[in-house]
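Remarks on the overall topology
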Amino acid sequence: MEIPDRNFKVVVIGGSAGSFVVVSRILSQIAPDFPLPLVLCLHRLKHVRSGLVEGLNMKSKIPVIEPYDKEKLKPGVAMLAPSNYHLFVEFDSTISLSTEEVHNHSRPSIDYAFSSAAYSFREKTLGIILTGANKDGAKGMKSIHDKKGYTIVQNPATCDVDAMPQSALKLFEPDQVLSPDDIVKVLNGLTGK
């Protein structure tokens, strides 16, 4: 499960249907001294403002927060895209939030989060796409791939709904296709690098 040592600047994870369970598993097994900022872009109900952060924090070994606009990325902190806001990763290692039109029926859009991280950090971006019911995130993952970032797609056989990983796999060949437990091993392999 080793990956190249690229001095990654950010890890971006996107998911939709079924992803809460997978993200909870990742956060419950991640090293408490995880050294990188983690950006989570999950499709969520736009009228439900609370509960998800609290639920993730109950399981997570690292803090999970909903960032404010222009908040700095922080090593060892997971930033969850707020309900009904697009999240963008900026060149200056800050987060921008936007309420522009929905993309792929979604706000937050995984494509926007992934593409902005790829544009800002290029080969120093690690992107992970999880289980989900639509194609949001596939083009964003391809952006990470095209900018020479590292890409991991959840193995469709381990997904509750495999449309999102399958959409990514139709666009490009990722660096790895892994189960949730192997994704955790990759992330924990970054600790100490």
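Note that residues are indexed from 1 along each chain, following the sequence as it is written. Predicted model: local features are reported for residues with pLDDT of at least 70 only, side-chain atom pairs are reported and counted for 80 or more only, and whole-chain, interface and lining totals are derived from all residues. Excluded from the side-chain calculation are hydrogens and water; included are all heavy atoms of the structure.

**Here's the deal with the overall build of the protein**
Rules: Numbering of helices and strands runs from the N terminus, with a helix taken as a DSSP run of H or I at least four residues long and a strand as a DSSP run of E at least two residues long. Atoms counted for the radius of gyration: C-alpha only. Globule rule: 2.2 Å times residue count to the power 0.38. Throughout, exposure labels follow a simple rule: accessible area from a 1.4 Å probe, protein chains only, divided by the maximum for the residue type, with under 20% read as buried, over 50% as exposed, and the rest as partly exposed. When checking whether two residues touch, look at their non-hydrogen atoms; a contact exists if any pair is within 4.5 Å. Reported accessibility uses the Shrake-Rupley method at a 1.4 Å probe radius. Residues are deemed covered only where the shown protein chains occlude them. Only four residue types enter the tally: Lys and Arg on the positive side, Asp and Glu on the negative side, with His and both chain ends excluded. A single reference atom marks each charge: NZ on Lys, CZ on Arg, CG on Asp, CD on Glu.
Each helix and strand counted, the protein has six helices and nine strands in total. Taken against the 2.2 N^0.38 rule, which gives 16 Å for 193 residues, the C-alpha radius of gyration of the protein at 15 Å falls within 12% of a compact globule. When the backbone C-alpha atoms are referred to their principal axes, the protein occupies close to 40 × 35 × 30 Å. Scored against the burial criterion, the 193 residues of the protein give a buried share of 54%. Intrachain contacts of the protein at a sequence separation of at least 6 include 70% that bridge at least 24 residues. If you sum the accessible surface of the protein, you get close to 8,500 Å²; carbon and sulfur atoms cover 52% of it. Considering the protein, the positive charge centre built from 22 side chains and the negative charge centre built from 21 side chains are found 1 Å apart.

**Section: the pairing of strand β2 (residues 38–42)**
Regular strands show a simple pattern: their side chains alternate between the two faces of the sheet. Heads up, the rule is: At least two bridges found by DSSP between two strands are what make those strands a pair. We call a crossover right-handed when, viewed with both strands directed away from the observer, the connection leading from the first strand over the helix to the second proceeds clockwise.
By the criterion of burial, β2 is predominantly enclosed, with five of the five residues buried. On β2, burial covers both faces: Leu38, Leu40 and Leu42 on one face and Val39 and Cys41 on the other are all buried. Taken together, the five bridges between strand β1 (residues 10–15) and β2 define a ladder with parallel strand orientation. Across the sheet, Ile13 pairs through a bridge with Leu40, a residue of β2. Tracing the backbone out of β1, into helix α1 (residues 19–29) and back to the parallel element β2 gives a crossover that is right-handed. Pairing analysis gives three bridges linking β2 to strand β4 (residues 78–80), with the strands arranged parallel. The residue of β4 that forms the bridge with Leu40 is Leu80.

**Notes on the sheet that holds strand β3 (residues 64–65)**
Worth spelling out the cut-off: Fitted lines through C-alpha atoms give the axes, limited to the stretch in contact for helices. The angle between two N-to-C directions lies from 0 to 180 degrees.
The parallel open sheet is built from seven strands, whose spatial order is β3-β4-β2-β1-β7-β8-β9. Each edge of the open sheet is held by one strand with a lone partner, namely β3 and β9 (176–178). In this structure, strand β8 (residues 150–154) lies alongside β9, joined through three bridges in parallel fashion. Directly across from Ile152, in β9, lies its bridge partner Gln176. The strands that α1 touches are β1, β2, β3, β4 and β8; relative to β2, the one it contacts most, it runs at about 165°. The strands touched by helix α5 (residues 163–171) within the sheet are β1, β7 (125–129), β8 and β9, with β8 carrying the most contacts at an inclination of about 135°.

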